[in-house]
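The lines below spell out each chain.
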Amino acid sequence: MLPEHFLRQILDNLTTAVLLLDSALRVHYVNPAAEMLLEVSGQRVNGQHVTSLFSDSVASLQSLRNTVSSGHPFTKREAQLQLSNGQCLMADYSVTPVSALERSWILLEILPRDRLLRITKEEAQLSKQEVTRVLVRGLAHEIKNPLGGIRGAAQLLARELPEEALHDYTDVIIQEVDRLSNLVDRMLGPYQPPTLSRINIHEITEHVCSLVQAEAQGQLQIQRDYDPSIPDLMGDREQLIQAVLNIMRNAMQAILSERDGRDGQITLRTRTLRQFTIGPRRHRLVCRLEITDNGPGIAPGIVDSIFYPMVSGRAEGTGLGLSITQNIITRHHGLIECDSVPGCTTFTLFLPLPTTSGEEE
């Protein structure tokens, strides 16, 4: 027989949500994956009826009771589970009767369907990011080579011009070449890979908040909803500040362009996620940073392409801020997402947190 603590450790490390119920459908065990999925604490719900965690149809509840009496397992596909926090979750779940310790138990396994769809969407997004980076690098190479030749030729021409007044024309050529060269450099994002060091995510957000509040000059409210228990992450401080600042500055400009800012608000929310998948990798612990504003929202026609270079919802915008932010977050092995409707735009950043050994998992 394997020791009990070893079996529990196996259940604790499963990515599938697992609950153990007694014959009265009271909860006796919830693994960490189920805690994260249902957004509950295992200690708090211990002994509570399963309907305190989520509710399905009356027929499904009766099926659970029938499993206790008949001993027959069953599986339900694409069930709509109403969670205790009001959210709705689409999931498949399996019910298996278990006899142990002279009692009847029910093993409930929940597999969220929306999470699988989300992973597929994230993988497609990461693939698009890589294609975009390759295209931008190739385009930058093809642009910068002739720009260098044009600049050099303009400088040589300036030396041969007989009149000083004619230098104004070559100066314009050189200035415009430099402007295009700088634009290409900004499209490429940071040249250097991140210089990693331990840093707290709230140090990043508080520094950015001070910058944005100074720019807004009191015309904007910034709310915080922090989880103070989030451990330090491994990141490049300057690059992460730039990434968060680009998002918050966009939010500030969108709000102030539509109103005087007195009722404008940006909310920062931080939480940790367990066993979270980013692309092909599963991380034991991830920091989630949400930046929400009550501005006019992003135009539906560009919401799916806002992370591409040169795409902007403002006439005066360059369309490079979010592209650079995405590049920085990707370099940190993270992910950025956006949801927007009029009056509520949320950018969500997912950044892996190091394990106790100091390495990402």
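Everything numeric in this text was worked out from a predicted model, so none of it was measured.

Engineer: How would you explain the overall build of the chain if you had to name every residue and give the values?
Structural biologist: Each helix and strand in the chain was counted, giving 9 helices and 13 strands. Taken over 361 residues, the chain has a buried fraction of 40%. Pairs at least 24 residues apart make up 62% of the contacts formed inside the chain by residues separated by at least 6 positions. Accessible area for the chain stands at about 19,700 Å²; split by element, carbon and sulfur atoms hold 53% of it.

Engineer: Give a description of unusual backbone geometry that names residues and reports values.
Structural biologist: Non-glycine residue Leu25 carries a positive phi angle of around 65 degrees. With respect to the helices and strands, Leu25 occurs in the loop between β1 (17-22) and β2 (27-30). For His333, which is not glycine, the phi dihedral falls at a positive 60 degrees. The topology assignment puts His333 in the loop between α9 (321-331) and β12 (335-341).

Engineer: Please set out the pairing of strand β4 (residues 74-83) residue by residue, giving values where relevant.
Structural biologist: In this structure, strand β3 (residues 54-55) lies alongside β4, joined through 2 bridges in antiparallel fashion. From the neighbouring strand, Ser55 faces β4, where its bridge partner is Gln82. Two elements, β4 and strand β5 (residues 88-100), share 7 bridges in a ladder whose sense is antiparallel. By the bridge assignment for β5, Lys76 is matched with Tyr93. Between β4 and β5, which pair antiparallel one after the other, the connecting turn spans 4 residues, and Gly86 there sits at a positive phi close to 95 degrees.

Engineer: Account for the environment of Ala154, with residues named and values stated.
Structural biologist: Within the secondary structure, Ala154 sits in helix α5 (residues 113-160). Overall, the relative accessible area of 3% leaves Ala154 in the buried class. Sequence separation of Ala154 and Tyr169 is 15 residues, and the distance between their C-alpha atoms is 9.1 Å. Excluding its chain neighbours within four sequence positions, the residues that come into contact with Ala154 are Thr170, Ile173 and Ile174.

Engineer: Explain the pattern of salt bridges to me, and be specific about the residues and the numbers.
Structural biologist: Going through the model one piece at a time under the given rule, you end up with 16 salt bridges. Here Asp225 makes a salt bridge to Arg271, at a shortest N to O gap of 3.0 Å. Here Arg271 lies in strand β10 (residues 265-278) and Asp225 lies in strand β8 (residues 221-225), a separation of 46 residues in the sequence. A relative accessible area of 27% means that Asp225 is categorised as partly exposed. One network of salt bridges, in which partners are shared, links Asp225, Arg269, Arg271, Arg288 and Glu290.

Engineer: Now, about the sheet that holds β1: what can you tell me, with residues and values included?
Structural biologist: Taken in spatial order, the 6 strands line up as β2-β1-β6-β5-β4-β3 in an open sheet, and their pairing is antiparallel. In this open sheet, the two edge strands, each paired with only one partner strand, are β2 and β3. Pairing of β1 with β2 involves 3 bridges; the strand directions are antiparallel. What sits directly across from Leu21, in β2, is Val27.

Engineer: How would you sum up the pairing of β1? Please name residues and give values.
Structural biologist: Along any regular strand, the residues point their side chains to alternate faces of the sheet. Among the 6 residues in β1, 5 count as buried, and that is most of the element. Hairpin connection from β1 to β2: 4 residues lie between these consecutive antiparallel strands, with Leu25 at a positive phi of about 65 degrees.

Engineer: Lay out α9 with the relevant residues and their values.
Structural biologist: Counting buried residues in α9 gives 9 out of 11 residues, a clear majority hidden from the surface. Residues Leu322, Ser323, Ile324, Thr325, Gln326, Asn327, Ile328, Ile329 and Thr330 constitute the buried set of α9. His333 sits one or two residues past α9 and shows a positive phi near 60 degrees.

Engineer: Residue-level account of the nonpolar core, with values.
Structural biologist: Core analysis: the biggest nonpolar cluster contains 39 residues, and Val212, Val244, Met248, Ile266 and Phe347 have the highest contact counts within it. Looking at this core, the elements with two or more residues in it are α7 (201-216), α8 (237-258), β10, β11 (281-293), α9, β12 and β13 (344-352). With 10 residues, α8 is the single largest residue contributor to this core. Those residues within four positions of Ile266 in sequence are excluded, and the remaining contacts are Leu220, Gln221, Ile222, Gln223, Met248, Ala251, Met252, Ile255, Ile291, Thr292 and Asp293. The next biggest cluster of nonpolar side chains, apart from the first, holds 25 residues, and it includes Leu19, Leu21, Leu53 and Leu83.

Cut-offs applied
Residues numbered from 1 in each chain as written. Predicted model: local features only at pLDDT ≥ 70, side-chain atom pairs only at ≥ 80, totals over all residues. Heavy atoms only, no water. Helix = DSSP H or I, 4+ residues; strand = E, 2+ residues; numbered from the N terminus. Buried < 20%, exposed > 50% of the residue type's maximum accessible area, 1.4 Å probe, protein only. Contact = heavy atoms within 4.5 Å. Areas by Shrake-Rupley, 256 points an atom, 1.4 Å probe, with all protein chains shown as cover. Pairing = 2+ DSSP bridges. Salt bridge = Lys/Arg side-chain N within 4 Å of Asp/Glu carboxyl O. Core = buried A, V, L, I, M, F, W, Y, C linked by side-chain atoms within 4.5 Å.

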